[in-house]
Amino acid sequence: MNVWGIVSYPWRVLVRFWTVPIRAESLAAFRIFLAATILLAQFTGLGRQLEACCTGDDPLIPGSTRDEWLAKSGRICLLRGPVSVPFLGEWLPDRIFGKHFKETRAALENRCPPEWATAWRNWGDQPENIKLLFRIYLVSLVFVMIGFRTRLMTLVALLLAATFNNRMVELLNGGDSLFRLGLYLLLLSPAGATWSIDAWLRSLWQRPRPLHPFTQPRFIEPWSVRLMQIQLVFMYFFTGLTKLADIHPDAQWGWWWPRGDWLDG
């Protein structure tokens, strides 16, 4: 191998990593297990608290308590109207679209009339509507799991996951954030390429029709799977750093050396 071949080898490895097609089975398995895990978590977590927190006669978390926090954090909750929803409410960051872009901001925000926004919030306060959206959330997760209209159902599941997580944010943990992130990455990927109802329906239209559509290899572009892998690496890397404990300026080996024990993480 010449000098140029040696120097260019890392670049060629990187290009192959992002561009060489890979088999879709691992992505399909991720889709199935992610949707099944989120579905189980809703039955054992937020679903059990829905009555006490949102839909009871005296809910622990009234809907009006969410509005100020949603506006400040830029998060969405479809039960609280168009707040932070692109184009319908205020969603552009102040640090970018401040006083110098007033006309642009006015054209891209608050497209939902105030009376409609009020009616939307009132609709989201009704217990039967909260339960309706939660049922739609569960159904969308089932559809993601079996791979029916996969991308559309993933989008619905992602929006409703954000809705209920932000509606009952006090009950969340790191797993809920990881679920939402997984759905977002799944939305970017061809998650229904195999082991799905979508793949089976596509096989019915192929000519000649494959004899074994579920076992026939299907290749996809790898970049979406690579994003998932990189996200997983970063997540565990920074989790590991966190568990090393705080960095103390008077540590034995210098200010940069983490010190801790099993008691503090």
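Just above, that's the structure.
### Here's the deal with the pattern of salt bridges
Considering all chains together, one arrives at seven salt bridges under this definition. A salt bridge links Glu51 to Lys131; the shortest N-O distance between them is 3.8 Å. With Glu51 in helix H3 (residues 46–55) and Lys131 in helix H7 (residues 127–146), this pair connects stretches of sequence that are 80 residues apart. Using a relative accessible area of 45% as the deciding quantity, one classes Glu51 as partly exposed. Close ionic contact of Glu109 with Arg105 constitutes a salt bridge, the shortest N to O distance being 3.0 Å. Exposure class is identical for Glu109 and Arg105. Each is buried. The structure contains a network of salt bridges with shared partners spanning Asp67, Arg80 and Asp125.

### Section: the packing of H3 against helix H8 (residues 150–167)
Between H3 and H8, whose axes approach to 11 Å, the crossing angle comes to 50 degrees. With respect to H8, the element H3 is oriented oblique. Relative to H8, H3 is oriented so that their crossing is left-handed. Side by side, H3 and H8 meet where Leu46, Leu50, Cys53 and Cys54 of the first sit next to Phe164, Asn165 and Arg167 of the second. Here the residues of the contact of H3 with H8 sort into five nonpolar, one polar and one charged.

### Side note on the nonpolar core
Tyr137, Phe164 and Met168 are the most contacted members of the largest nonpolar core, which totals 39 residues. Of all the secondary structure elements, the ones that give two or more residues to this core are helix H2 (25–44), H3, H7, H8, helix H9 (174–187) and helix H11 (223–243). In terms of residues, this core owes the most to one element, H7, which gives seven residues. Beyond its immediate sequence surroundings of up to four residues, Met168 is in contact with Leu46, Gln49, Leu50, Cys53, Cys54 and Ile61.

The rules we used
Residues numbered from 1 in each chain as written. Predicted model: local features only at pLDDT ≥ 70, side-chain atom pairs only at ≥ 80, totals over all residues. Heavy atoms only, no water. Salt bridge = Lys/Arg side-chain N within 4 Å of Asp/Glu carboxyl O. Helix = DSSP H or I, 4+ residues; strand = E, 2+ residues; numbered from the N terminus. Buried < 20%, exposed > 50% of the residue type's maximum accessible area, 1.4 Å probe, protein only. Axes fitted to C-alpha atoms, helices over the stretch in contact; angles between N-to-C directions. Parallel < 35°, antiparallel > 145°, perpendicular 65-115°, else oblique. Left-handed = near helix turned anticlockwise from the far one by under 90°. Contact = heavy atoms within 4.5 Å. Nonpolar A, V, L, I, M, F, W, Y, C, P; charged D, E, K, R; others polar. Core = buried A, V, L, I, M, F, W, Y, C linked by side-chain atoms within 4.5 Å.

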